[in-house]
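For reference, the chains in residue letters:
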Amino acid sequence: MQQPHILLSSDQVSELVVLCGEPARVDRISAHLENATLLADNREFRSMSGSFAGKTITVCSTGIGAPSAIIALEELRQCGATQFIRIGSAGALQPKIALGELILVDGAVRDDGGSSSHAPLAYPAIADRHLTCAMETYLTEHNVTFHSGIVRSHDSFYRDDEMEVCKRWHHMGVLGADMETAALMTLGRIKGLKVGAVLNNVVLYGNDVQEGINDYVCSDDALMRGEKMAIRCALHGLTS
Ligand SMILES: O=P(O)(O)O[C@H]1O[C@H](CO)[C@@H](O)[C@H]1O
Ligand SMILES: O=c1cc[nH]c(=O)[nH]1
């Protein structure tokens, strides 16, 4: 059956999936695959298929925020996907994280609304250990600077008290902020899926979020280098 939002059916979807927020990133990720072909492009959900290290990979964008990420995860699951790595962007919550450096996510603070529709907040959002270890091995072997730890997934950064919110999580050792990782890890765990995430830092701690994201869209070199490394790391992680 064709899924209503991603417009894919089970014969088109691999067990191995790369997720990202931005539809244009699907094209950049798929450039690392052999025989990449466009599968569907509906709303925020663009999908492509190709192969890496002899295995078929599906790449799908999820848009911004937990609700659409949860829709993508569930519809891909219905099509037979079992392992997911999110290649996302994040804003740093620690000054030691430079632009284009990667955050390898162990778990996420569930400051989003979407995951709470499915599980109480006492339920943790934790990454799949095997996918995370495989990515860590790749980054270590390639001498890439990365940061392992937890991130905070939220629903809005244009808040009047944004700086205070960031400081609060900074003091608790949270590495960065994104909007989908917690929901994907929570829902993935509930549904028996493996979910990992690697995030590219696009905003320095204490800097303006709007400016940082604009630089990313305008292809700032360090940010694009970070994205490329995140792509290699995720593809090796999924296929090793
Ligand atoms: O770059 P992506 O993967 O979309 O991730 C981050 O960027 C978006 C905000 O600009 C949010 O989706 C956030 O999670
Ligand atoms: O600061 C940032 C940058 C990207 N995504 C976020 O959620 N926050």
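Rules used in this analysis
- Residues numbered from 1 in each chain as written.
- Chains lettered and ligands numbered in written order.
- Predicted model: local features only at pLDDT ≥ 70, side-chain atom pairs only at ≥ 80, totals over all residues.
- Near = placed C-beta within 6 Å.
- Nonpolar A, V, L, I, M, F, W, Y, C, P; charged D, E, K, R; others polar.
- Helix = DSSP H or I, 4+ residues; strand = E, 2+ residues; numbered from the N terminus.
- Core = buried A, V, L, I, M, F, W, Y, C linked by C-beta atoms within 7 Å.
- Buried ≥ 20, exposed ≤ 12 C-beta atoms within 10 Å, placed from the backbone.
- Contact = placed C-beta atoms within 7 Å.
- Expected span 1.5 Å × (residues − 1).
- Arc of directions from axis to C-beta.
- Axes fitted to C-alpha atoms, helices over the stretch in contact; angles between N-to-C directions.
- Left-handed = near helix turned anticlockwise from the far one by under 90°.
- pLDDT = per-residue confidence, 0-100.
- Parallel < 35°, antiparallel > 145°, perpendicular 65-115°, else oblique.

Colleague: Kindly report on the site of ligand 1, identifying the contributing residues and their values.
Modeller: The immediate surroundings of ligand 1 are formed by Cys20, Gly21, Glu22, Ile64, Gly88, Ser89, Asp178, Met179, Glu180 and Ile213. Here the residues of the shell around ligand 1 are counted per class, giving four nonpolar, three polar and three charged.

Colleague: Any chance you could break down the site of ligand 2 for me, citing the residues and the numbers?
Modeller: Inspection of the region around ligand 2 gives Ser89, Ala90, Gly91, Phe157, Ala177, Asp178, Met179, Val202, Val203, Val209 and Ile213 as its neighbouring residues. The biggest single contributor to the shell around ligand 2 is strand S5 (residues 83-92), with three residues. When the residues that make up the shell around ligand 2 are grouped by side-chain class, the tally is eight nonpolar, two polar and one charged.

Colleague: Residues and numbers for the nonpolar core, please.
Modeller: With 75 residues, the main nonpolar core has Val18, Leu102, Val198 and Ala234 as its most contacted residues. When residues in this core are grouped by element, the largest group, eight residues, is from helix H7 (residues 221-239). Excluding residues that lie within four positions of it along the chain, Ala234 makes contacts with Val18, Ile85, Ile87, Met135 and Val198.

Colleague: Tell me about helix H3 (residues 129-141), and name the residues and values.
Modeller: Taking 1.5 Å of rise per residue, 13 residues should cover 18 Å, and H3 covers 18 Å from first to last C-alpha, within 8% of that figure. Regarding H3, the residues found buried are Leu131, Thr132, Met135, Tyr138 and Leu139. Along the long axis of H3, the arc covered by the buried residues comes to 125°, so they all point the same way. In H3, those exposed residues whose orientation departs by more than 90 degrees from the buried face are Arg129, Thr140 and Glu141. Looking at the packing, one finds that the buried side of H3 touches S5, strand S6 (102-111), strand S8 (146-154), strand S10 (194-203) and H7.

Colleague: So, the packing of helix H2 (residues 66-78) against helix H5 (residues 181-190): which residues are in play, and what are the values?
Modeller: Orientation of H2 relative to H5, taken along the N-to-C sense of each, is 35°, at an axis distance of 9 Å. As H2 runs across H5, the sense of the crossing is right-handed. Mapping the contact onto sequence places Ala66, Ala69, Ile70 and Leu73 in H2 and Ala183, Leu184, Leu187 and Gly188 in H5. A class-by-class count of the residues in the contact of H2 with H5 yields seven nonpolar, one polar and no charged.

Colleague: Got a sec to walk through the environment of Leu102? Specific residues and values, please.
Modeller: Structurally, the position occupied by Leu102 is in strand S6. A residue is classified by how many C-beta atoms lie within 10 Å of it, and Leu102, with 25 of them, is buried. Between the C-alpha atom of Leu102 and that of Leu223, which follows or precedes it by 121 residues, the distance is 10.0 Å. What Leu102 contacts, discounting residues up to four positions off in sequence, is Leu139, Val144, Phe146, Val198, Leu199, Asn200, Gly226, Met229, Ala230 and Cys233.

Colleague: Describe in detail unusual backbone geometry, supporting the description with residues and values.
Modeller: Residues other than glycine seldom take positive phi values, yet Asn35 does so here, at roughly 50°. Mapped onto the secondary structure, Asn35 falls in strand S2 (residues 34-42). Even without glycine at this site, Asn143 takes up a positive phi of about 50°. We classify Asn143 as exposed; it has 6 C-beta atoms within 10 Å.

Colleague: I'd like a rundown of the confidence of the model for the protein chain, residues and numbers included.
Modeller: Of all residues in the protein chain, 100% have pLDDT values of 70 or greater, and the mean over the chain is 97. With pTM at 0.98, the complex prediction returns an ipTM value of 0.97.

Colleague: Report on the environment of Pro95, specifying residues and quantitative values.
Modeller: Position of Pro95 relative to the elements: it lies in the loop between S5 and S6. Residues Pro95 and Gly188 lie 93 residues apart in sequence; the distance between their C-alpha atoms is 30 Å.

Colleague: Would you mind going over the packing of H3 against H7 in detail, with residue names and values included?
Modeller: In contact at an axis separation of 8 Å, H3 and H7 are set at 130° when each is read in the N-to-C sense. Our classification of the angle between H3 and H7 gives oblique. Handedness of the crossing formed by H3 with H7: right-handed. Of the residues in H7, those touching H3 at Leu131, Ala134, Met135, Tyr138 and Leu139 are Cys233, Ala234, His236 and Gly237. Split into classes, the residues belonging to the contact of H3 with H7 amount to seven nonpolar, two polar and no charged.

Colleague: Break down H2 for me, with residues and values.
Modeller: Over its 13 residues, H2 extends 18 Å from the first C-alpha to the last, a length consistent with the 18 Å expected when each residue adds 1.5 Å. Among the residues making up H2, those that are buried are Ala66, Ser68, Ala69, Ile70, Ile71, Ala72, Leu73, Glu75 and Leu76. Looking at the buried residues of H2, the elements they touch are strand S1 (16-20), strand S3 (45-52), strand S4 (55-61), S5 and H5. Downstream of H2 by one or two residues, Gly80 has phi in the positive range, about 105°.

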